[in-house]
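One letter stands for each residue in the lines below.
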Amino acid sequence: MKKTNWKKVIGWGVAALVIIGVVWHNAQTTNKNDEDKLVVAMNVPLTGGGASYKKGVPNAFKMGVRDELKRLNLPEDSVVFDIQDNTTTPQTALSVYHLQEMRGFDVYFIGMTNEIVAVSPLLNKTNKPNFYDMTGPETMKRGNNQTMRILCNMNMEINLLKDFLKKKKAKTLLFFAENNVAYHEQFNHLIQPMCQEMGITCSTDFYESKERDFHTIVYKLKQKKPDVIFAVGFSGSFFQSLMELYAQEMVNNNVLAPITFLPFINEKNIDNRVKSAFYFTADAFSIPGKSEKSEQFKKNYEKEFGVKPIYNDAYAYDAGVLVARAFAKNGKHITAEDIIAETPYEGASGKVVMDPRTRDLVSEFLLARVNDKGVIEEVKLAE
């Protein structure tokens with residue numbers, strides 16, 4: 001009978017214990033490192049009606065985080081992302097949220113209005129810092145003291161609209177809008193009270209995002225003969241509505257569009273005469289040469305992703321920078337107050353300020369127009 005070599009057995013046993021110890025130590029170290037990482041969950045429309053505006057947002061947000069971590073000499077993987085497509089539908093947004101909640105997150109980012117309405121009651125319970133993207137003033141109230149908002153152009157545009165109405169000596173205003181919760185909120189809570197204060201008669205006409213017969217709609221609107229038209233929307237139908245207003249000669253230095261007009265300018269098959277007929281609101285990012293930081297961001301973004309960024313992307317980038325700064329100072333358990341404390345700063349969207357009263361991430365808004373060469377310019381209306 002062969003004798004057992006106890007020296008070898010003991011040696012193998014010791015080796016096994018050493019290996020187990022090393023694996024256990026590595027596992028504990030890895031888990032500890034993972035626990036220190038900031039997790040950002042994004043519930044955004046990568047398909048569906050909001051996709052054209054939001055596809056670049058995750059890239060820009062990640063880019064902002066990465067660039068700032070690099071500037072602060074922190075590892076890029078200090079912040080990890082969980083990005084999911086909500087297909088621009090509330091039901092999908094809810095499903096996405098449940099998945100991300102189970103995985104865990106430290107900062108949350110969600111768009112757009114209908115999806116925010118669906119998810120906000122659950123999100124509030126976490127008391128984690130969160131960003132709303134592209135929503136109206138009333139929906140913002142659904143958040144809590146950890147809720148912040150980017151692309152809050154509706155609030156910023158009201159002052160420009162008020163000045164536009166004054167300069168045009170308008171007595172009547174037509175709010176021509178895509179049928180979206182945010183635009184109903186904008187009219188009910190911002191525009192209508194402003195018109196009452198100014199003694200201006202205002203009316204509305206809402207169309208569906210899938211509308212195609214704008215000829216009939218605009219023909220009926222023409223009978224109202226409004227002094228000023230504030231035309232708003234964000235889908236392809238919005239652009240069709242603008243074209244029909246122009247075709248039926250309703251654009252006579254009296255139509256103002258929101259910042260969502262900007263993609264319309266990039267349409268190569270539309271003549272500059274049509275584009276230049278409209279006034280619109282814009283930020284420093286959108287006006288060439290207005291901000292050095294904006295111009296640098298445009299170059300870097302296009303070089304990395306192969307497409308030109310739009311204003312949404314600039315705001316998302318700035319939000320990412322602020323999150324990275326707050327994380328660097330406070331660790332992963334950051335709050336909205338930590339993020340707000342990192343403003344003001346000069347960012348991709350211009351001079352960025354986070355208003356502590358409204359928790360809106362804002363930059364300067366200006367009145368703009370396209371010149372005969374197709375270039376966006378800031379304009380000043382005469383008294």
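So, here's what we can say about the structure. The numbers attached to residues start from 1 for each chain and follow its sequence in the written order. Residue-level local features of this predicted model are given only where pLDDT is at least 70; pairs of side-chain atoms are given and counted only at 80 or more, and the full residue set underlies all totals for whole chains, interfaces and linings. Excluded from the side-chain calculations are hydrogens and water; all other atoms, namely the structure's heavy atoms, are used.

1. With respect to the sheet that holds strand β7 (residues 201-207)
Part 1: A pair of strands is labelled paired if DSSP reports no fewer than 2 bridges between them. Secondary structure elements follow DSSP: runs of H or I of four or more residues count as helices, runs of E of two or more count as strands, with numbering from the N terminus. If you trace the seven strands from one edge of the open sheet to the other, you get β7-β6-β8-β9-β10-β14-β15, paired in mixed fashion. The outermost strands of the open sheet, each flanked by one partner alone, are β7 and β15 (376-378). In this sheet, adjacent strand axes meet at a mean angle of 30 degrees when their direction is disregarded.
Part 2: In what follows, a contact means two residues having at least one pair of non-hydrogen atoms within 4.5 Å. Simply put, an axis is a line fit to the C-alpha atoms, just over the touching stretch for a helix, and the angle between two N-to-C directions goes from 0 to 180 degrees. On the sheet, helix α9 (residues 214-222) packs against β6 (172-178) and β7 and is oriented at approximately 165 degrees with respect to β6.

2. Observations concerning the environment of V362
Part 1: When you line up the elements, V362 lands in strand β13 (residues 360-362).
Part 2: Aside from chain neighbours lying at most four places away, what touches V362 is C152, M156, Y315, K351, V352 and V353.

3. Re the pattern of salt bridges
Part 1: Each reported salt bridge corresponds to a side-chain nitrogen of Lys or Arg within 4 Å of a carboxyl oxygen of Asp or Glu. What the rule picks out here adds up to 17 salt bridges.
Part 2: Residues E68 and R71 are paired through a salt bridge, measuring 2.6 Å at the closest nitrogen-oxygen approach. Of this pair, E68 and R71 both sit in helix α3 (residues 57-71), three residues apart, which is roughly one turn of the helix.
Part 3: Salt bridges linked by common partners bring R66, D67 and E304 together as one network.

4. Comments concerning helix α13 (residues 292-305)
Part 1: Helix span, expected: 1.5 Å multiplied by one less than the number of residues in the helix. Taking 1.5 Å of rise per residue, 14 residues should cover 20 Å, and α13 covers 20 Å from first to last C-alpha, within 8% of that figure.
Part 2: Taken residue by residue, α13 has S294, F297, K298 and Y301 as its buried positions. Buried residues of α13, viewed axially, fall in a sector of 105 degrees; they line one side. Exposed and oriented more than 90 degrees from the buried face of α13 are E292, K299 and K303.
Part 3: Packing partners of the buried residues in α13 comprise α3, α14 (311-330), β11 (345-347) and β12 (350-355).
Part 4: For this analysis, a polar contact is any N or O atom pair within 3.5 Å, provided that within protein one partner can donate a hydrogen and the other can accept it, and provided that sequence-adjacent residues contribute only side-chain to side-chain pairs. Two to three positions downstream of the cap, the backbone nitrogen of K293 sits 3.5 Å from a side-chain oxygen, assigning the N-cap of α13 to S291.
Part 5: Positioned one or two residues after α13, G306 has a phi angle of 80 degrees, which is positive. A 1.4 Å probe rolled over the protein chains alone gives each residue an accessible area, and that area as a share of the maximum for its type sets the label: buried under 20%, exposed over 50%, partly exposed in between. It is the directions from the helix axis to the C-beta atoms whose arc is reported.

5. Overview of the packing of aromatic side chains
Part 1: In this analysis, rings of Phe, Tyr and Trp, with Trp reduced to its six-membered ring, are considered paired at centre separations within 6.5 Å, and the interplanar angle assigns stacked below 30 degrees, edge-to-face beyond 60, and tilted for intermediate values. Taken as a whole and judged by the stated rule, the model has 24 aromatic pairs.
Part 2: With 6.0 Å between their ring centres and 85 degrees between their planes, F61 and F81 make a pair best called edge-to-face. Taken together, the residues span a long stretch of sequence, with F61 in helix α3 and F81 in strand β2 (residues 79-85) at a distance of 20 residues.
Part 3: The class of F81 is partly exposed, set by a relative accessible area of 23%.
Part 4: Each ring, one from Y301 and one from F305, has its centre 4.7 Å from the other, and the planes form 50 degrees; the classification is tilted. Placement of both Y301 and F305 in helix α13 is noted, with a separation of four residues, approximately one turn of the helix.
Part 5: According to the relative accessible area criterion, Y301 is buried, its value standing at 2%.
Part 6: The exposure class assigned to F305 is partly exposed, which follows from its relative accessible area of 27%.
Part 7: Three or more aromatic residues link up through ring pairs in this structure, and these residues are F238, F239, F261, F264, F278 and F280.

6. Some thoughts on unusual backbone geometry
Part 1: In this structure, the amide linkage connecting G111 to the following residue, M112, adopts the cis form with an omega of 10 degrees.
Part 2: Topologically, M112 is positioned in the loop between β3 (107-110) and α5 (113-126).
Part 3: In this structure, the amide linkage connecting T343 to the following residue, P344, adopts the cis form with an omega of 0 degrees.
Part 4: Mapped onto the elements of the fold, P344 is located in the loop between α15 (336-340) and β11.
Part 5: Look at T87: it is not a glycine, yet its phi comes out positive at around 55 degrees.

7. What to know about helix α4 (residues 90-103)
Residue pairs three or four apart in sequence face the same way in an α-helix, which turns once every 3.6 residues.
Part 1: For α4, spanning 14 residues, the distance from its first C-alpha to its last is 20 Å, which sits close to the expected 20 Å at 1.5 Å a residue.
Part 2: Within α4 the residues assigned to the buried category are A93, V96, Y97 and Q100. Projected onto a plane normal to the axis of α4, the buried residues spread over an arc of 105 degrees and lie on a single side. More than 90 degrees from the buried face of α4, the exposed residues found are Q91 and M102.
Part 3: Residues of α4 that are buried make contact with β1 (38-44), β2, β3 and α5.
Part 4: Positive backbone phi, approximately 95 degrees, marks G104, located one or two places after α4.

The values are spatial; any link to function lies outside them.
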